[in-house]
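Geometric and topological summary
Chain residues, written in single-letter form:
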Amino acid sequence: MEIASSVVASITDCLLGAAGRQLGYLFHYNNNIGTLEKQAKELAGIRDRVQGQIEAAERNLEIIETDVQNWWAEVDKISAEAAKFLEDEVNANKRCLNGWCINPRSRYRFSKEANKKNLVISQLQEKGKFEKVSRPAPPPGIIYPSEVFSGTFESRKSIMKQILEALGDDNVSIVGVCGMGGVGKTTLVTEIVKQAGEDKRYGVVVMTTVSQTVNIMNIQGEIARMLGFEKISDHPESARASLLWERIKKEEKMLVILDDVWRRIELNEIGIPFGNDHRGCKIVLTSRSRDVCDEMDAQPIFTVATLSKEESWVLFKEKAGACVDNSDLNPIAREIAAECGGLPIAVVTIARALKNKNKHVWTDVARQLKTSTPTDIPGLQGSVISSLELSIKYIESDDAKSLFFFCSLFPEDFEISITVLVRYGAGLGWFKNIETMEDARHRTHAIVSSLTSSFLLIHEENDDDDDDDDDNEDDDGYVKMHDVVRDVAHIIAPKYNQIFLVKAGIVLEEWHERDTFESLTCISLMSNNIKAVPNGIECPKLQSLLLQENHELVLPNNFFQGMKDLRVLDLSETQYCHSRVTFFACKS
């Protein structure tokens, strides 16, 4: 009986408690509705404050925390629901008042729902007390150029495939990519980085520019930033390499791009483990010198060549626009594209400069390129000339600079005999501490090797095995100079006290006239049809005069009287002199 009484009492309490709660919704109707209105306003204020923090974080490119984003979504949802609920409650009360009635069921429902929403809003208010709403974004990856042309052409696709295959070889640690300035090395390796990222073959990819003046701390900082290792800047310079070394070793697979390397740099001084120290860390370096790739122990080394004639035209047409299809402009456009010699930086720069220009501008640019004086083409000075001038500036020795500039005196695409360069160099006194012609020959070949390694000259071996003449001066092979490099050499030569008059191989029939010849150090009018020259001209600084291959040339007796410093004279293949080369060395 006692147990039964207890059960009955419990049931009664539950029923009374439930009834009390139900009645409470009716009794506390106004309080619940008023609390909801107040809570909704307070939540809106908290939301505005968090929104300000979020906007500030987004301006700093920070990442909004996931729980903040989820909270924001819940606040949006409950705020919209509360606003709709309060609007419905007001409308319901209006209907009841108009009918002079009070609907207990409706009041009960609204009060109960308001109570539920108050509980949800209270929880959201508490959750909205964030210590921080965002975190710093991870270090940015490589910024891909908007106009990548390396992946467009078969020549680039082929070399890119080979580089990626080399990087997949466990025995390869450092890959070298070399080529002349402006040929597209950086664009090519950037495309490789993009491809590697899409393949997910590396956990981390970093890229930094080394440049002419190596700054180890800047390089370390760039690599550390891309690794998210920001605290490296808090440590002294002496500790940075070892810290970066340990951080990189934590990455299972990593690709490091060192762009624009001009001389050997010690990777351990930067803090880059490779080889036996870290097989998963692969390094690609780009350089304008194959010798630098060798000094960095890169293996294999890939050379990025200029574009083919057809590839140059495709690129030129893309950048210049549909106007090149115009029947009047098309022949001029093709001529200009060909004059760029397949050098992408020249193709892009000149094509952009000509886009939407009239025929007069196109014709003028074609003339400038043909006469090797492209100084008035917009953008050329700031891109093409400055890019190639850097390579020329870093020619180390004076005799190498002299030989380089002298090669620009020959006609476009001319095959310059290295044996003849030996003789020119001896006559002009390029070589210091050289006692014999054999020594001069070795020195010339060493210079040619250095210049071809830097892609300032193109070296071709003599493969003519049918000529058994022991006196053949072309046995040492010959060099050629890229047309754009030749043009740049003419433009910057005065900076090196080289004042040239070069009108070689352009079918001149008369001596080139100018106001004065007094500042000239060299005149090259070779390979023309000049028949007569002035009786006497004042050229007190002239050291070399190249008039060969003007087959009907006649010289007056007093022609040389104003050339007191003349050291080299070439009259080969003229009526005046039938020997291959004639030298006058007027000063020791």
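Residues numbered from 1 in each chain as written. Predicted model: local features only at pLDDT ≥ 70, side-chain atom pairs only at ≥ 80, totals over all residues. Heavy atoms only, no water.

Looking at the sheet that holds strand β5 (residues 254–261)
Taken together, the five strands give an open sheet; going across it, the order is β4-β5-β6-β3-β7, and neighbouring strands pair in parallel fashion. The two strands at the open ends of the sheet, each matched to only one other strand, are β4 (204–211) and β7 (301–303). Recorded for the sheet is a direction-independent mean angle of 15° between the axes of neighbouring strands. Two strands pair when backbone bridges link them, and strand β3 (residues 174–178) and β7 are joined in this way by three bridges, in the parallel orientation. (Pairing = 2+ DSSP bridges. Helix = DSSP H or I, 4+ residues; strand = E, 2+ residues; numbered from the N terminus. Axes fitted to C-alpha atoms, helices over the stretch in contact; angles between N-to-C directions.)

Concerning the packing of aromatic side chains
Here the structure, examined in full by the defined rule, presents 15 aromatic pairs. Aromatic side chains phenylalanine 404 and phenylalanine 405 sit 5.3 Å apart centroid to centroid with 70° between the ring planes, which places their arrangement in the edge-to-face category. Their ring planes at 90° and their centres at 6.1 Å tell us that tryptophan 430 and phenylalanine 431 sit as a pair that is edge-to-face. Summarising the burial analysis for this pair, tryptophan 430 and phenylalanine 431 share the class buried. Three or more aromatic residues joined by ring pairs make a cluster, and in this case those are Phe406, Phe410, Phe414, Tyr424, Trp430 and Phe431. For lysine 253, the ring lying beneath its charged end belongs to tyrosine 202, and the centroid distance is 5.7 Å. (Phe/Tyr/Trp six-rings, centres within 6.5 Å; stacked < 30°, edge-to-face > 60°. Buried < 20%, exposed > 50% of the residue type's maximum accessible area, 1.4 Å probe, protein only. Lys NZ or Arg CZ within 6 Å of the ring centre and 35° of its normal.)

Details of the packing of helix α13 (residues 344–354) against helix α15 (residues 381–393)
Remark: α13 packs on α15, axes separated minimally by 9 Å, with the N-to-C direction vectors making an angle of 160°. With respect to their mutual orientation, α13 and α15 come out roughly antiparallel. For the element pair α13 and α15, the recorded crossing hand is left-handed. Two secondary-structure elements touch here, α13 through Ile345, Ala346 and Thr349 and α15 through Ser383, Val384 and Ser387. (Parallel < 35°, antiparallel > 145°, perpendicular 65-115°, else oblique. Left-handed = near helix turned anticlockwise from the far one by under 90°. Contact = heavy atoms within 4.5 Å.)

Some points on the sheet that holds strand β10 (residues 478–480)
The antiparallel open sheet is built from three strands, whose spatial order is β8-β10-β9. Each end of this open sheet is capped by a strand with a single partner; those strands are β8 (416–417) and β9 (458–460). The sheet contact formed by β9 and β10 spans three bridges and is antiparallel. Residue pairing in the sheet places histidine 459 in a bridge with valine 479 of β10.

Thoughts on helix α16 (residues 398–407)
In terms of burial, α16 is a largely internal element, nine of the 10 residues being buried. Those residues of α16 that fall on the buried side of the exposure criterion are Asp399, Ala400, Lys401, Ser402, Leu403, Phe404, Phe405, Phe406 and Cys407.

Regarding the confidence of the model for the protein chain
In this model, the protein chain carries a mean pLDDT of 84, and residues with pLDDT of at least 70 account for 86%. Element-level mean pLDDT values for the protein chain span from 51 in helix α1 (residues 2–27) up to 97 in β3. Residue range residues 4–9 is modelled with pLDDT below 50. Its contacts to residues more than four positions away, or to other chains, number zero contacts. In the predicted structure, residues 465–471 sits below a pLDDT of 50 and forms three contacts with residues beyond four places in sequence or in another chain. (pLDDT = per-residue confidence, 0-100.)

Section: the environment of valine 448
Summarising the element assignment, valine 448 is placed in helix α18 (residues 437–453). Each C-alpha atom of the pair valine 448 and isoleucine 418 lies 8.3 Å from the other, and the pair is 30 residues apart in sequence. In contact with valine 448, other than residues within four places in its own chain, are Ile418, His459 and Val479.

What to know about the side chain of histidine 482
If you trace the backbone, histidine 482 turns up in the loop between β10 and α19 (483–492). Overall, the relative accessible area of 11% leaves histidine 482 in the buried class. Look past the residues within four positions of histidine 482 in its chain and what remains in contact with it is Met180, Thr306, Cys340, Gly341, Leu343 and Ile458.

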